[in-house]
Amino acid sequence: MKISRRDFLAWTAAAAVALNVEFNLDHVNNVLAAETDPPIIWLQGAGCSGCTISMLNVTNPTTIDNVLLNKISMKYNSTIMTASGDLAMQTLDQAATQYNGQFILVVEGAVPTGANGNYCVVGEVNGTPLTMQQAVLKYGPMAKYVVAAGTCASFGGVSAAAPNATGNSSVSSILSGKISKPVVNLAGCPVHPTVLIQTLLDLILTGIPTLDSNNRPTKFFGATVHSTCERRDKDGCFEERGCMGPGCQNVCSTLKWNKGQSWCVHANYACIGCSNPTFPTSPLLNGHYD
């Protein structure tokens, strides 16, 4: 049985009353308002779901509940949605069709191309598997903007590391020549939650931001980790031990992680350059590190 969002919320309110559970009507109104917000369709390919988890932990510029209730309408994300099976696939296709040319397609993870793409299947349509490769090729040209969330989606990352038997590729290589706008690469393993959410809000409000030569927003990837590192030019600097901070552009040393609490170097480990197009290198650190 399929019910509308409004029917579901009405049922939820009725159930809350029957069970004597506190129910915040303002939150209901916010959810209903989100129905008209710019929609997001989020596909997950070859990866670890770390970028979705990172997104759910965002606190800056706002929290994830405020994002999902007031800022965007997440039409499809297989990790956080309740629908599954045929209903989920119908939701995906109906959202893309209804908002053709309006929605933002977020792709997490690399796109397997080996074995005709059958190493990664999004779901089934009329009993036929829909591969991740087919889904990106179908919905990418329908989207207003395409965002590659994380290094695997942006450049191949860990998923495409040698020997790459599954033929994992970046989103931009899959959509090369098939879309008019550049894929916005939000590199990082995982992508920093602020980088992801702020970029989505920027796309909604003002369009594609200024990008660097790797199609990453310069506002987040315009300075090296080393340039603002707390250990820079000090006895404890890890540069001579193989730290990749001097050649890695990311926000780790400025925004930090876990509500601004820490990051790799603060936790006494060198930067491994996870937002670089060449990540992962072998070894991860160029020199000796104890």
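In this text the structure is predicted, and so the values were computed from the model without any measurement.

Enquirer: Is there a simple way to think about the overall build of the protein chain in this case?
Expert: In terms of helices and strands, the protein chain carries ten helices and nine strands. By residue count, 46% of the 290 residues in the protein chain fall in the buried class. Looking at the protein chain alone, contacts between residues at least 24 apart form 75% of all its contacts between residues at least 6 apart.

Enquirer: Looking at this structure, I do not really get the environment of N214. What am I missing?
Expert: Take N214: it is sitting in the loop between helix 9 (193–205) and helix 10 (252–255). The exposure class of N214 is partly exposed, given its relative accessible area of 26%. It is 7.3 Å that separates the C-alpha atoms of N214 and N185, two residues lying 29 residues apart in sequence. What N214 contacts, discounting residues up to four positions off in sequence, is F155, N185 and P277.

Enquirer: When you look at the nonpolar core in this model, what are you seeing that I'm missing?
Expert: What tends to happen in soluble globular proteins is that the nonpolar side chains get buried as a cluster. Counting residues in each nonpolar core, the largest one holds 30 residues, and the members touching the most others are L43, F103, L105, V136, Y139 and V171. Going through the elements one at a time, strand 1 (39–44), helix 5 (85–98), strand 3 (104–108), helix 6 (132–139), strand 7 (145–149) and helix 8 (171–174) are the ones with two or more residues in this core. Ranked by residue count, the leading element in this core is helix 5, at five residues. If sequence neighbours within four positions are ignored, F103 has contacts with P39, I41, A96, Y139, M142, A143, K144 and Y145. The next biggest cluster of nonpolar side chains, apart from the first, holds 28 residues, and it includes W42, Y145, L196 and L201.

Enquirer: Got a minute to help me understand the sheet that holds strand 9 (residues 184–186) in this structure?
Expert: The pairing of strands in a sheet happens through backbone hydrogen bonds and is either parallel or antiparallel. Taken in spatial order, the five strands of this open sheet run 2-1-3-7-9, and their pairing is parallel. A single partner strand is all that each edge strand has here, and the edge strands are strand 2 (73–77) and strand 9. In this sheet, neighbouring strand axes are inclined to one another by 20° on average, regardless of whether the strands run parallel or antiparallel. Where strand 7 meets strand 9, three bridges bridge the pair, whose relative direction is parallel. When the sheet's bridge partners are listed, A149 is paired in strand 9 with L186.

Enquirer: Sorry, what's going on with the pairing of strand 5 (residues 121–125) here?
Expert: Strand residues, when the strand is regular, have side chains that alternate between the two faces of the sheet. Bridge count between strand 5 and strand 6 (residues 128–131): four bridges; the pairing is antiparallel. From the neighbouring strand, G123 faces strand 6, where its bridge partner is L130. Hairpin remark: strand 5 followed by strand 6, antiparallel, with two residues in the connecting loop; positive phi at N126, about 55°.

Here is what the cut-offs are and how they apply
Residues numbered from 1 in each chain as written. Predicted model: local features only at pLDDT ≥ 70, side-chain atom pairs only at ≥ 80, totals over all residues. Heavy atoms only, no water. Helix = DSSP H or I, 4+ residues; strand = E, 2+ residues; numbered from the N terminus. Buried < 20%, exposed > 50% of the residue type's maximum accessible area, 1.4 Å probe, protein only. Contact = heavy atoms within 4.5 Å. Core = buried A, V, L, I, M, F, W, Y, C linked by side-chain atoms within 4.5 Å. Pairing = 2+ DSSP bridges. Axes fitted to C-alpha atoms, helices over the stretch in contact; angles between N-to-C directions.

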